[in-house]
Amino acid sequence: MSTDGLIVVDKPGGMTSHDVVARLRRLARTRRVGHGGTLDPMATGVLVIGVGRATRLLTYVIGADKSYAATIRLGQATVTDDAEGDVIATTPAGTLTDEAVRGALAGLTGEIDQVPSAVSAIKINGQRAYKRVRAGESVDLPARRVTVSRLDVLAIRRASPDVVDVDIDVACSTGTYIRAIARDAGLALAVGGHLTALRRTAVGGFTVAEAATLDELEHRAPDVVDLPLAAAAERFFPRRDATEEEAKVLSHGGPLDPVGRTGPYAVFDPAGGLIAIVSERAGRARAEIVLAPA
């Protein structure tokens, strides 16, 4: 069985995030495997996988900022806002100027209220929105406040007279839909738009440069964990070192004296083992999750 920790996977296209989890359960020889943020089947790139006790860190991974490389096609709208759905409208986009394209995308940066794609994993009355859409229902999702901190236009290509392909690089908060950016850019330009390629290049501090392919992990199995639990926590959180007495108190769920830090941080015992993820409130440092072995 693999040790507790995180795996940074370079997800291939054509697989769901659950497919990747199922593969890693087999390779790691444990059922206790989860992922830190869904990627669409069409998308590739960084998918952070937790094994064993590290699955409890995934709630923080899910909330981390993300980066993507993507291609938007202007001139066609699809039912899914990406290339996997049927084209539902076409409007010649060849006359769009580069300035107009850049202006539309600039209007989708900063803090924005974004309506998620109807074909998304958001639950409506307990059922995923995409399942309702595929069953023929009309889905109306409320807008959500997200932050697009960076949206760089890398290239504007005109390989066909009626469509414009735009390569972009995006950094954004969790919950941002790049498909929705493509859709909304098309709406702003009155030609329709959808996503033709999506690659997640970073989740928090985890980048595609350190990601392993499933083939690589297959060859390493069952030794598939890249970052053992303590190393994973140190990568993701500020560190606090506890005394032996503090370690004993915290490992049993007790509070520590605060050290004046905001946000969650990782507390380690004198031997370097991870005890807990802690946050300070009401004058005490209290464990959000205890990760020391029972």
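Residues numbered from 1 in each chain as written. Predicted model: local features only at pLDDT ≥ 70, side-chain atom pairs only at ≥ 80, totals over all residues. Heavy atoms only, no water.

(A) Region of interest: the packing of aromatic side chains. Throughout the structure, instances matching the rule amount to three aromatic pairs. An angle of 85° between the planes, with centres 5.0 Å apart, marks the rings of Tyr60 and Phe237 as edge-to-face. Of this pair, Tyr60 sits in helix α2 (residues 58-62) while Phe237 sits in the loop between α7 (229-236) and β15 (239-241), placing them 177 residues apart in sequence. We note that Tyr60, like Phe237, is buried. For the pair Phe236 and Phe237, a centre-to-centre distance of 5.5 Å together with 70° between the ring planes defines the contact as edge-to-face. Judged by relative accessible area, which is 8%, Phe237 ranks as buried. Clustering of aromatic rings is evident, with ring pairs tying together Tyr60, Phe206, Phe236 and Phe237. Residue placement shows Arg239 over the ring face of Phe268; its charged tip is 4.0 Å from the ring centre. Here the guanidinium or amino end of Arg261 rests over the ring plane of Tyr265, the centre of that ring lying 5.3 Å away. (Phe/Tyr/Trp six-rings, centres within 6.5 Å; stacked < 30°, edge-to-face > 60°. Helix = DSSP H or I, 4+ residues; strand = E, 2+ residues; numbered from the N terminus. Buried < 20%, exposed > 50% of the residue type's maximum accessible area, 1.4 Å probe, protein only. Lys NZ or Arg CZ within 6 Å of the ring centre and 35° of its normal.)

(B) Looking closely at the nonpolar core. Counting residues in hydrophobic clusters, the biggest one holds 49 residues, and the most contacted among them are Ile49, Leu74, Leu105 and Val166. In this structure, Phe206, Leu227, Ala233 and Phe237 belong to the second largest nonpolar core, which totals 24 residues. (Core = buried A, V, L, I, M, F, W, Y, C linked by side-chain atoms within 4.5 Å.)

(C) Representation of the environment of Pro41 in the model. Along the polypeptide, Pro41 turns up in the loop between β2 (33-35) and β3 (44-51). Look at Pro41 and you get partly exposed, because its relative accessible area is 27%. Between the alpha carbons of Pro41 and Pro12 there is a distance of 8.3 Å; along the sequence they are 29 residues apart. Among all residues touching Pro41, those that are not within four sequence positions of it are Lys11, Pro12, Gly13, Gly14, Met15, Thr16 and Glu84. (Contact = heavy atoms within 4.5 Å.)

(D) Representation of the sheet that holds β15. Taken in spatial order, the four strands of this open sheet run β15-β16-β17-β18, and their pairing is mixed. This sheet does not close on itself; its edge strands, each paired only once, are β15 and β18 (284-290). Adjacent strand axes in the sheet meet at a mean angle of 40° when their direction is disregarded. Of the pairings in the sheet, the one linking strand β17 (residues 274-281) to β18 comprises six bridges and is antiparallel in character. Across the sheet, Ile277 pairs through a bridge with Ile289, a residue of β18. Strands β15, β16 (265-268) and β17 of the sheet are contacted by α7, whose axis makes an angle of about 140° with β16. Contacts between helix α8 (residues 244-251) and the sheet are confined to β15, β16, β17 and β18, with β17 contributing the most and set at about 80° to the helix. (Pairing = 2+ DSSP bridges. Axes fitted to C-alpha atoms, helices over the stretch in contact; angles between N-to-C directions.)

(E) Fine view of the side chain of Thr78. Within the secondary structure, Thr78 sits in strand β5 (residues 76-78). Here Asp81 takes part through its backbone nitrogen, which lies 2.9 Å from a polar atom of the side chain of Thr78. Among the polar contacts made by the side chain of Thr78, one reaches the main-chain carbonyl oxygen of Asp82 at a distance of 2.8 Å. In this structure, Thr78 is in contact with Gly85, Asp86, Val87, Ile88 and His194, ignoring residues within four places of it in sequence. (Polar contact = N/O pair within 3.5 Å; in protein donor to acceptor, adjacent residues only side chain to side chain.)

(F) The pattern of salt bridges, seen in detail. All told, the structure shown has 20 salt bridges when counted by the stated rule. The residue Asp184 makes a salt bridge to Arg183 at a minimum N-O spacing of 2.8 Å. (Salt bridge = Lys/Arg side-chain N within 4 Å of Asp/Glu carboxyl O.)

(G) Representation of the pairing of strand β10 (residues 144-160) within the structure. Relative to β10, strand β7 (residues 110-114) runs antiparallel, the two being bridged by five bridges. Looking at β10, one finds that Gln114 is bridged to Arg144. Counted between consecutive antiparallel strands, the loop separating β10 from strand β11 (residues 163-172) contains two residues.

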